[in-house]
Amino acid sequence: MENLVYYLDQPGGVFTPKTEIIPEPGFGEVRIRVRRTSVCQSDVVIYKVGLPRIKEWPAILLHEVSAEIEAVGEGVTKFEVGDLVGIGCDIPCGDRGCIYCGDHGTGDWTSCPNTQATGHEFPGFARSHAVLPDWFVELGPIVKFPKDFSPDHACQLEPLACCLEGMTRVNNCIENRVVVLIGAGSQSTYALQCAQAMGARKIIMINRGEERLNRVIKDFGGDNVVGLHWDDNVVERVFAECRPFNEPHFVMVNTPALPGYELAVQLMGYNTVLDGHAGVKGAGGKPCIAHEVDLNNDIHYKLQCYQATHGSNMHGIGLAHDLLANGKLTLIDRMTNATERFDHTQIMQAITRAADKDSLKVIIDWDNI
Ligand SMILES: [Zn+2]
Ligand SMILES: [Zn+2]
């Protein structure tokens, strides 16, 4: 059986299609047919400058994927031919004895020293088909959607799962609370939709670029949503919007830059949870962002919480699956407009479009193979 695989030769290089023979799935394995891949901002960065986690070039990129189960190996009971599945990016390390990822593990794959992810250490899904190994099928982040479910929605399982990990690591900070989202990219826009679905009292989104902020507020806004242009008075304006509270309850940093963190810490008040959701990485590596916290007055008396998540485990995948499969994200189609749809022959154009300042979620269609 033939497999169409797109290899990127090097960062900044070209995607070259190659036809390869793909085997039948062995014991415990499944073969999937890719339906959609969506483009993550990390794909844009990997395309431009590479990533130390990708050890081998040419590489197969793209980790946000929905697929059909096309063939199942002997012994597979979780899936059957024809199932539509969404797949997470962070996956078990493959050691079935691992205390994080194994058969009796905690499931916190992102804490495993041998953590791996699709489109990183494990090949991505810029390919028409893939055979997934037994440990991936058995323990990994693959979830089934109803057969008539939209593959466009299913491929957004992974970015949604990452977002929900950040919003639920600390209990009771979204429902009926004031949520501040720093940045207006796709993670913030997913967070806005999730916060709505989770019953947030008010959602304040802050962004420097007005183009994307306007798009997000126009398409995803509501009576309890406020968009603030990030100017010199933004801290005072956030506090004013929080009234009758004096401060927000949840501040999510979704902009991978130092100023996002500098702003976030100024918004900390009583009972505020800071979610450092976007890591900061530059050519010189991961910079230290120092900030002094008073463990007595800030943490104990003011009940502040500083936390973070990156990537997703089954917890986030389960939450994302629930919101998607039960139709709780009613506006998700607005993440992708006509200018953000491509087919598999246009991977380069898709990544270029995802890098634009106004873009939210680019989707690549693999059905016409
Ligand atoms: Zn991603
Ligand atoms: Zn492990």
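Residues numbered from 1 in each chain as written. Chains lettered and ligands numbered in written order. Predicted model: local features only at pLDDT ≥ 70, side-chain atom pairs only at ≥ 80, totals over all residues. Heavy atoms only, no water.

Looking at an unreviewed UniProt entry, one finds the chain named Alcohol dehydrogenase catalytic domain-containing protein and attributed to Rubellicoccus peritrichatus.

Chemist: Looking at this model, I keep getting lost on the overall build of the chain. Mind explaining?
Modeler: Broken down by element type, the chain carries 11 helices and 17 strands. Expected size for 369 residues packed as a compact globule is a radius of gyration near 21 Å; at 21 Å, the chain falls within 12% of this value. Judged by the C-alpha coordinates and their principal axes, the chain covers about 60 × 45 × 45 Å. For the chain, buried positions account for 54% of its 369 residues. Considering only contacts in the chain between residues 6 or more positions apart, those separated by 24 or more positions represent 70%. Distance between charge centres in the chain, computed from 32 positive and 47 negative side chains, equals 3 Å. (Helix = DSSP H or I, 4+ residues; strand = E, 2+ residues; numbered from the N terminus. Rg over C-alpha atoms; globule rule 2.2 N^0.38 Å. Buried < 20%, exposed > 50% of the residue type's maximum accessible area, 1.4 Å probe, protein only. Contact = heavy atoms within 4.5 Å. Lys, Arg positive; Asp, Glu negative; His and termini not counted. Charge placed at Lys NZ, Arg CZ, Asp CG, Glu CD.)

Chemist: Looking at this model, I keep getting lost on the side chain of Thr336. Mind explaining?
Modeler: Along the chain, Thr336 turns up in the loop between helix H10 (314-325) and strand E16 (341-343). Thr336 sits in the buried class, given a relative accessible area of 8%. Those residues in contact with Thr336 that lie beyond four places of it in its chain are Arg215, Arg341, Lys361 and Ile363.

Chemist: What should I look at first to understand the coordination of the zinc ion (ligand 2) in this one?
Modeler: Put simply, a metal with four donors set out as a tetrahedron has ideal angles of 109.5 degrees, and one with six donors set out as an octahedron has ideal angles of 90 or 180 degrees. Within the protein, the atoms that donate to the zinc ion (ligand 2) are Cys93 (SG), Cys98 (SG), Cys101 (SG) and Cys112 (SG), at distances of 2.3 to 2.4 Å. Taken together, the 4 donor atoms coordinating the zinc ion (ligand 2) span angles of 104 to 113° at the metal, a pattern that classifies the geometry as tetrahedral. (Donors = N, O, S within 2.8 Å, 3.2 Å for Na, K, Ca; no water. Tetrahedral: all angles 85-135°; square planar, octahedral: opposite > 155°, others 65-115°.)

Chemist: Would you mind showing me how to read the coordination of the zinc ion (ligand 1) here?
Modeler: For the zinc ion (ligand 1), the full set of protein donor atoms is Cys40 (SG) and His63 (NE2), and the range of their distances to it is 2.1 to 2.4 Å. In this pair, Cys40 is assigned in the loop between strand E3 (30-38) and helix H1 (41-49) and His63 in the loop between H1 and strand E4 (64-72), connecting sequence segments 23 residues apart. Per residue, the accessibility class of Cys40 equals that of His63, and both read buried.

Chemist: Would you take a moment to explain the nonpolar core for this structure?
Modeler: Counting residues in hydrophobic clusters, the biggest one holds 44 residues, and the most contacted among them are Ile32, Val39, Ile87 and Leu132. Taken together, the elements giving at least two residues each to this core come down to strand E1 (2-8), E3, H1, E4, strand E5 (84-87), strand E8 (129-132), helix H2 (134-139) and helix H11 (347-354). Take this core: its biggest share by element is 5 residues, from E1. Beyond its immediate sequence surroundings of up to four residues, Leu132 is in contact with Glu29, Val30, Ile32, Ile87, Phe125, Val137 and Ile142. Core analysis: the next-biggest nonpolar cluster, separate from the first, contains 39 residues, Leu84, Cys163, Ile203 and Leu213 among them. (Core = buried A, V, L, I, M, F, W, Y, C linked by side-chain atoms within 4.5 Å.)

Chemist: Would you take a moment to explain helix H6 (residues 210-220) for this structure?
Modeler: Residues spaced three or four apart along an α-helix point in a common direction, a consequence of the helix completing one turn every 3.6 residues. Of all the positions in H6, only Arg212, Leu213, Arg215, Val216, Asp219 and Phe220 are classed as buried. Taken around the axis of H6, the buried residues stretch over an arc of 160°, which confines them to a single face. Turned more than 90 degrees off the buried face of H6, the exposed positions are Glu211 and Lys218. Looking at the buried positions of H6, the neighbouring elements they touch are helix H5 (186-197), strand E11 (202-207) and strand E12 (225-229). (Arc of directions from axis to C-beta.)

Chemist: What exactly am I supposed to notice about unusual backbone geometry here?
Modeler: Phi is mostly negative for residues that are not glycine, and the peptide bonds are mostly trans. Residues Trp57 and Pro58 are joined by a peptide bond in cis, for which omega reads 0°. Structurally, the position occupied by Pro58 is in the loop between H1 and E4. The backbone of Asn172 shows a phi angle near 60°, a positive value even though the residue is not glycine. Looking at the secondary structure, you find Asn172 in the loop between helix H4 (157-168) and strand E10 (178-182). A relative accessible area of 63% places Asn172 in the exposed class. Of note in the backbone geometry, Asn176 takes a positive phi value of approximately 65° without being a glycine. With respect to the helices, strands and loops of the structure, Asn176 is situated in the loop between H4 and E10.

Chemist: Which parts of the structure should I look at to understand the pattern of salt bridges?
Modeler: For side chains bearing opposite charge, pairing can occur when the charged atoms are close. By the definition in use, this model includes 22 salt bridges. A salt bridge links Arg36 to Asp152, with the shortest nitrogen-to-oxygen separation between them at 2.7 Å. You can see Arg36 sitting in strand E3 and its partner Asp152 sitting in helix H3 (residues 151-154), a full 116 residues away along the chain. The exposure classification of Arg36 matches that of Asp152, with both residues buried. One connected set of salt bridges, linked through shared partners, spans Arg33, Arg35, Arg36, Glu68, Asp152, Arg341, Asp365 and Asp367. (Salt bridge = Lys/Arg side-chain N within 4 Å of Asp/Glu carboxyl O.)

Chemist: Please explain the sheet that holds E11 as it appears in this structure.
Modeler: With parallel pairing, 6 strands are arranged side by side in an open sheet as E12-E11-E10-E13-E14-E15. The open sheet is flanked by E12 and strand E15 (305-307), the only strands paired with a single partner. Along the sheet, successive strands turn relative to each other by an average axial angle of 15°, direction set aside. Its contacts with the sheet put H6 on E11 and E12, and the angle it makes with E12 is roughly 170°. Strand contacts of helix H8 (residues 258-266): E10, E11, strand E13 (250-253), strand E14 (273-275) and E15, with the helix running at about 170° to E13, the strand carrying the most contacts. (Pairing = 2+ DSSP bridges. Axes fitted to C-alpha atoms, helices over the stretch in contact; angles between N-to-C directions.)

Chemist: Looking at this model, I keep getting lost on the packing of H4 against H5. Mind explaining?
Modeler: Think of two packed helices as two axes; the pair is described by the angle between the axes and how far apart they sit. Axis separation between H4 and H5 bottoms out at 9 Å; the angle between their running directions is 65°. The way H4 lies across H5 gives a crossing that is right-handed. Between H4 and H5, the residues in contact are Pro159, Leu160, Cys162, Cys163, Leu164 and Met167 and Gln187, Tyr190, Ala191, Cys194 and Ala195, respectively. The residue inventory of the contact of H4 with H5, partitioned by class, reads 10 nonpolar, 1 polar and no charged. (Left-handed = near helix turned anticlockwise from the far one by under 90°. Nonpolar A, V, L, I, M, F, W, Y, C, P; charged D, E, K, R; others polar.)

Chemist: Before we go on, may I ask you to explain the environment of Ile69 in this structure?
Modeler: As for its placement among the helices and strands, Ile69 is situated in strand E4. On the accessibility criterion, Ile69 (1% relative accessible area) is buried. Between the C-alpha atom of Ile69 and that of Val30, which follows or precedes it by 39 residues, the distance is 6.9 Å. Not counting residues within four places of it along the chain, the set of residues in contact with Ile69 comprises Val30, Arg31, Ile32, Phe79, Glu80, Val81, Gly82, Asp83 and Val85.

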